[in-house]
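Chain by chain, the residues:
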Amino acid sequence: MFTDILQVESAVWHLVIIKPGCNRLFLKEGGIDLFTRSYRIFGVQRRPDNSLFFKEWAPAAEALFLTGDFNGWDKFSHPYSKTEFGKWELILPPKYDKSPAVDHNTKLKVVVHTKEGQRLYRISPWAKYVTREEKSVIYDWIHWDPPQPYIQIHPRPKKPTSLRIYEAHVGIASPEGKIASYTNFTINVLPRIKDLGYNCIQLMAIMEHAYYASFGYQITSFFAASSRYGTPDELKQMIDVAHSMGILVLLDVVHSHASKNTEDGLNRFDGSDSCFFHSPPRGEHSQWGSRLFNYSSWEVLRFLLSNLRWWMEEYCFDGFRFDGITSMLYHHHGIGKAFFTGDYSEYFGLQVDEDSVVYLMLANHILHTFYPDCITVAEDVSGMPAVCRGVQEGGLGFDYRLAMAIPDKWIQILKELKDEDWDIGNIVYTLTNRRYGEKCIAYAESHDQALVGDKTLAFWLMDKEMYTNMSFLSPMTPIIDRGLQLHKMIRLLTHGLGGEGYLNFMGNEFGHPEWLDFPREGNNHSYHYARRQFNLVDMDHLRYCQLYAFDRDMNRTEDKYGWLAAPPAFVSAKHEEDKVIVFDRANVLFIFNFHHIKSFQDYRVAVELPGKYKIKLDSDEFQYGGHGRLDHNTEFFTEAQPFNGRSNSMRVNILTSHF
């Protein structure tokens, strides 16, 4: 047994590893502040007397200076003092009028002198606001200390038992061809999310990233909310308004890698090829072109864990979706692994990066200790066991993992198979293939399927006819009919059977007709596809509003009956010839007919609870773009006839999904 007792600032943290390679971590009480106090100590802190305390970590630097608007950009007038362990400190006394020496909304730079004689101009890794002038390439560090900061007044909503997530990107959340704002999202998008019945938003691309087209996955300033959408206070207000609506807000956090940018990123901050990262080649991701953190470094742990606490406390986020977990968990980063078979040798061996595993355990332990209602979601394609089990059990401590195989399955089916060739058993297997006791977020499609180069479900189903035949003023074509019906059925089946939470990417709820492509050289820097056309839903003569209405009522029905919070469904039928799926969950009976031409009269279906049943959600209703063929006043009574593993059964009419 190896025990390492670490002591800093009178706080003690015990790491006890059972044996090398075991991936187990026992956390003793005390010492949590060891990692998380630095989120206010580092960077810049205004003290009660209005003096400013600057602190950086640059172990390879020869000298550090602070320069900016406050001193006329004098590069040498304000040197930092070097302390222990590569840390540097600087105190600026207040002005003669007792106001801070650095004014709010003015520019700063850290000047790093290296041992090789280089002079480097850097942004503090702890900078909480950075902006870029219109014609500039490099971001500027802006001192953010408003005299009257926004104060959030609404408490965090309670953690819901059923998690229904609306994945969103602030910048594209407008029909206009421009970068949309936090304020636009607050006024125009939050009411839609509330109306749709989602109780959680997963916000992408909030942590500052210099390259807009990276979708927020090449972070340059980890403590700064992206200024391209507005100010930090406007983001705080947006979250506050969401909380007032009972909606939680998760941050898409990227701790798996960082941008290679130097002047406005973390890379080579102190002039060395390491600092926050491993030295190459271990410290470089060959496919992403980014830097990889050194999770064994004491100060890197402080930086990343402090970053989590910053977003929780400064902005009142309710949790995190951790991006790129697969890359973190393995030394191979998933590169060259077309798929994981599920064999345990893939998850436990020398290929596992134990430093990363320990970091994720620490992160989840601290988050759930400080904030018991905090929600953490892992984006892991490998299926590593115990990712969503408690740290005290030897797990990584996440609340949910994304069921990433489900959207891949739907895309594969629509891309490769005719309707009559759908493998019903394989669909059910994919939707139910998860470890009991580890919660999954199911989704039919996310932002990945909306990106240019891929196609959304709506596009796979209806393609170019979405541009010409989505109006009520023209007859419904067979392609549009099939597309509308399958779009609804795929989403409901995924919602009901696929997991313990559900996710939708913004715009996909109404079958957004175009892909997502950020402005870049390849499209002449156009914003035409970097937007979501919510205006299409508001046009009463277009069929998009019908898909929207079904998505809304699907969520509202789940809110009433709570199948996401219920134990996994019992699948009583997955009939290959009939293309019928029947299952019950949370006292709700789900019946799907995917046959492209056949309807069935008096079809016997199994059900556990005896009694009277009524239709509660019907994808064939006129308001959802259906054909209105079922009478909702019909009452269905069970018979005491066991069938397909259930105690009771009844006969129903099951219509083909489309003409």
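What counts, and where the lines are drawn
- Residues numbered from 1 in each chain as written.
- Predicted model: local features only at pLDDT ≥ 70, side-chain atom pairs only at ≥ 80, totals over all residues.
- Heavy atoms only, no water.
- UniProt positions renumbered as here; feature names shortened; annotations may be inferred.
- Pairing = 2+ DSSP bridges.
- Helix = DSSP H or I, 4+ residues; strand = E, 2+ residues; numbered from the N terminus.
- Axes fitted to C-alpha atoms, helices over the stretch in contact; angles between N-to-C directions.
- Expected span 1.5 Å × (residues − 1).
- Buried < 20%, exposed > 50% of the residue type's maximum accessible area, 1.4 Å probe, protein only.
- Contact = heavy atoms within 4.5 Å.
- Phe/Tyr/Trp six-rings, centres within 6.5 Å; stacked < 30°, edge-to-face > 60°.
- Lys NZ or Arg CZ within 6 Å of the ring centre and 35° of its normal.

For the protein chain, an unreviewed UniProt entry supplies the name 1,4-alpha-glucan branching enzyme and the organism Mastacembelus armatus. Regarding the protein chain, the UniProt comment filed under Sequence similarities (unreviewed entry) reads as follows: "Belongs to the glycosyl hydrolase 13 family. GlgB subfamily." We quote the UniProt Catalytic activity (unreviewed entry) comment for the protein chain here in full: "Transfers a segment of a (1->4)-alpha-D-glucan chain to a primary hydroxy group in a similar glucan chain."

Colleague: Tell me about the sheet that holds strand β27 (residues 588-593), and name the residues and values.
Modeller: Two strands in a sheet stick together by hydrogen bonds in their backbones, pointing the same way (parallel) or opposite ways (antiparallel). Spatial ordering of the open sheet is given by β25-β26-β27, a layout of 3 strands whose pairing is antiparallel. Because the sheet does not close on itself, it has two edges, and the strands there are β25 (570-575) and β27. When strand polarity is set aside, the average angle formed by the axes of neighbouring strands in this sheet is 10°. In the sheet, β25 pairs with strand β26 (residues 580-585) via 5 bridges, with the strands oriented antiparallel. Note on β26: the bridge partner recorded for A573 is V582.

Colleague: Any details on helix α3 (residues 182-196)? Residues and values, ideally.
Modeller: Compared with the 21 Å implied by 1.5 Å per residue over 15 residues, the 20 Å span of α3 between its first and last C-alpha is a close match. Within α3 the residues assigned to the buried category are Y182, N184, F185, T186, V189, L190, R192, I193 and L196. In this structure, the buried residues of α3 make contact with β13 (163-169), β14 (200-204), β16 (221-225), α4 (232-244) and α13 (544-561).

Colleague: Break down the packing of aromatic side chains for me, with residues and values.
Modeller: Under the counting rule described, the total for this entry stands at 45 aromatic pairs. Seen in terms of ring centroids, W563 and F590 are 5.0 Å apart; in terms of plane orientation they differ by 85°. Their pairing is edge-to-face. Of the two residues, W563 sits in the loop between α13 and β25 while F590 sits in strand β27, which places them 27 residues apart along the sequence. Each member of the pair W563 and F590 is classed as buried. Above the face of the Y315 ring, K236 is positioned so that its terminal group lies 5.5 Å from the ring centre. The side chain of R646 reaches across the aromatic face of F570, ending 3.9 Å from its centre.

Colleague: Can you tell me about the sheet that holds strand β4 (residues 43-46), naming the residues and giving the values?
Modeller: If you walk across this open sheet you meet the 4 strands as β4-β5-β8-β7, and the pairing is antiparallel. Since the sheet does not close on itself, it has two edges, and those belong to β4 and β7 (81-82), each with one partner. The pairing of β7 with strand β8 (residues 87-92) spans 2 bridges and is antiparallel. Looking at β8, one finds that S81 is bridged to E89.

Colleague: If you had to explain the pairing of strand β5 (residues 52-57) to someone new, which residues and values would you point to?
Modeller: Counting buried positions along β5 yields 6 of 6 residues, so the element is predominantly enclosed. The alternating pattern of β5 places L52, F54 and E56 on one face and F53, K55 and W57 on the opposite face, and all of these are buried. Looking at chain direction, β4 and β5 are connected through 4 bridges and run antiparallel. Its bridge partner lying in β5, V44 is registered against F54. Taking the residues between adjacent antiparallel strands as the criterion, β4 and β5 are bridged by 5 residues, where N50 takes a positive phi near 70°. As defined by bridge partners, β5 adjoins β8 across 6 bridges and the pair is classed as antiparallel.

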